[in-house]
Amino acid sequence: MKPIHSRSARAIVVAVAAGSLALTGCSKDSGGNGKDQSKSKQDAAAQSKPVAYADAAASNGPAAEVPGAKPGGSINVFTQSDLSHMDPGQIYVSDAGQFANLVHRKLTNYQEDDKGNLTVVGDVATDSGKSSDGGKTWTYTLKDGIKDEDGNAITSADVRHTIERQYAKVIFDGPTFVQSWLSGSDYRKALPDGPYKGKHLPDSVLATPDAKTVVFHFDKPRPDLPQALAMAGYGIVPQKDDTKEKYDKAPKSLGPYKVAEYKAGKSLKLVKNTNWDPKTDAVRHQYVDGYSFTTTIDQASQTKRLVADQGESKNAIQFTDSVDPAQMQSVISNAAVNKRTIKGYQPYVWQMSFNLDRLKDKKVRDAITYAIPNQRMIQADGGKYGGELAGGLFAPTLPGFDAKYDPFGKLKMPNGDPEKAKKLLAEAGVKKGTKLTYAYSNTPRGQKQMVIIKDALNAIGFDVQAKEIERATFYEQIGKLKNPYDLYMTGWGQDWSSPSTVVTPVYDGKLIADGAPNYSHINDEKVNTLIQEALVLQPEAAAKKWEEAHHRIIEEINPSAPVYYSKQIQLFGSNIGGARYSTNSSYIDINRLYLIKP
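(A) Broad picture of the overall build of the protein chain. Counting secondary structure elements, the protein chain contains 17 helices and 21 strands. Whereas a compact globule of 598 residues would reach a radius of gyration of roughly 25 Å, the protein chain reaches 23 Å, a difference of no more than 12%. Projected onto its principal axes, the C-alpha positions of the protein chain cover 65 × 55 × 45 Å. Taking all 598 residues of the protein chain together, 60% fall into the buried category. Look at the contacts in the protein chain between residues 6 or more apart in sequence, and 76% of them connect residues 24 or more apart. Working note: accessible area of the protein chain is about 22,400 Å², and carbon and sulfur atoms make up 50% of it. Across the protein chain, the mean location of the 76 positive side-chain charges is 3 Å away from that of the 68 negative side-chain charges.

(B) Summary view of the sheet that holds strand 17 (residues 462-469). The strand order 15-19-14-18-16-17 describes an open sheet built from six strands, whose pairing is mixed. Each edge of the open sheet is held by one strand with a lone partner, namely strand 15 (387-389) and strand 17. Strand-to-strand, the axes of this sheet are offset by a mean angle of 30°, without reference to chain direction. Alignment of strand 14 (residues 341-354) against strand 18 (residues 487-493), held across seven bridges, turns out to be antiparallel. Pairing of Q351 across the sheet is with T490, part of strand 18. Its contacts with the sheet put helix 15 (residues 500-507) on strand 14, strand 18 and strand 19 (560-571), and the angle it makes with strand 18 is roughly 150°.

(C) Summary view of the confidence of the model for the protein chain. Per-residue confidence for the protein chain gives a mean pLDDT of 91; residues scoring 70 or more make up 92%. Across residues 1-34, where pLDDT falls below 50, the model places 121 contacts with residues more than four positions away in sequence or in other chains.

(D) Molecular detail of unusual backbone geometry. Cis geometry is adopted by the peptide bond preceding P62, which originates at G61 and carries an omega value of -5°. Note that P62 resides in the loop between helix 2 (56-59) and strand 3 (74-78). One non-glycine residue, N558, adopts positive backbone phi at about 55°. By the element assignment, N558 lies in the loop between helix 17 (539-557) and strand 19.

The rules we used
- Residues numbered from 1 in each chain as written.
- Predicted model: local features only at pLDDT ≥ 70, side-chain atom pairs only at ≥ 80, totals over all residues.
- Heavy atoms only, no water.
- Helix = DSSP H or I, 4+ residues; strand = E, 2+ residues; numbered from the N terminus.
- Rg over C-alpha atoms; globule rule 2.2 N^0.38 Å.
- Buried < 20%, exposed > 50% of the residue type's maximum accessible area, 1.4 Å probe, protein only.
- Contact = heavy atoms within 4.5 Å.
- Areas by Shrake-Rupley, 256 points an atom, 1.4 Å probe, with all protein chains shown as cover.
- Lys, Arg positive; Asp, Glu negative; His and termini not counted.
- Charge placed at Lys NZ, Arg CZ, Asp CG, Glu CD.
- Pairing = 2+ DSSP bridges.
- Axes fitted to C-alpha atoms, helices over the stretch in contact; angles between N-to-C directions.
- pLDDT = per-residue confidence, 0-100.

Right, dumping it as structure tokens:
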């Protein structure tokens, strides 16, 4: 993904997968000139670079110093609700992923350069991994000096425990790549109680021959393992500290910061973890003394405070929220304020997910798709600074993106085709006043989307019943197989730069389960077969299979209607140093911040 600091002296092995998360680097726009400074699909494509896996020399700490960085002080974090999770095994949503950068460590991690290019480096491990047996076996050696916040040394037993606990039902919201690669799509059957009753995966699957070595054995090549293990969901959970369900509220840190105080629904305080050794970490810094989260500040208030830039707001950042769309123009047109923004193209596609257990008629799903006013949805989320109209379910940040693909004709009719929608509903025999249950998150974006969707679908004859869900549990609620909703807006982005991380988790019928991200419950035999065929091919050959699956999903099944490709624009206070856009997180780069005047 990315070249490394002083890379001429450090070996980098280019992986077989091509492309990067392809977002944009730090904005240097001065603003105030009326020029369109929003990011485009071309910006996204221009950032695509080959993936690179780094060796041991490139994985050594400390991380390269941020120019001008100073120690001391505390950063204030503005967010509108609690984090979805703090237990790494449960982390798959972006707010918790951003938190994980500060607190958790994994076998591997992404290191990022000034152009937004990424490289997989060893985090807890000495390197990005050593493969053998044609890529079926991967061996990791742990670095010396890795400790948890209490000073306990991390061993291979803790890594084994971290992987095995994800087999237990107590973990239901995180990624499933590694588990399913090791034990198949029905992986929970291989270790139904996880490690909690003394049982383990056989050494033929996961071996720990000594305290420093972890060996993964797969039945087929898994060239993407270093990228999967870099996900927040595979953060290390020390075996002796695992409190199962309770761990989600009081996790143990291996990173530069630890949880000092948590008040549910109100605040979160992070302080320095004195047992984090920068010599072991090639990615993170520990410039500030801590982070003070206030989890009750809505998007509009965040924007107002950061625009005003008074008092403690000078030391503040938006965490995963964006500039309030209603205040967007005033932010962009003010040169001094615009300098305090980061902008980028995200890997997310906003889509209307249909519950196929309830909306079984494709004509009905197609009618809703035609009726959605995509452009109005974009305008409600910041206009050209918030997104671009989507033709498909693959974002412009994926290699091989097809900008002309538009099976529902949204480029010609960006605010929908209600007449065609009504015709399809008539053909399907849908009576006027038929009720539809639409679930939405109680965020400003979710509430605005709800109003637009309700108006558009009521206009073609439905009676939309809007059901509000708390932001922190939204994906958990719609992720239940027996959820009572017909449709819901979801945002999905690739986990790394491969269509496999979009098609497999979201549209593989073999992965339908409570907590899994197959929110539509699609289970199509042909799609499932195409997925299995693509997974064993090299990227160029696999790309054709992924595109075939993509076209079948949209045109012949339509489990999720593409709405728009997501962009990001965030504000930070005038005393925040080191701010830039992160291609890894799709938000402000949390790993390099400091206070200009501590």
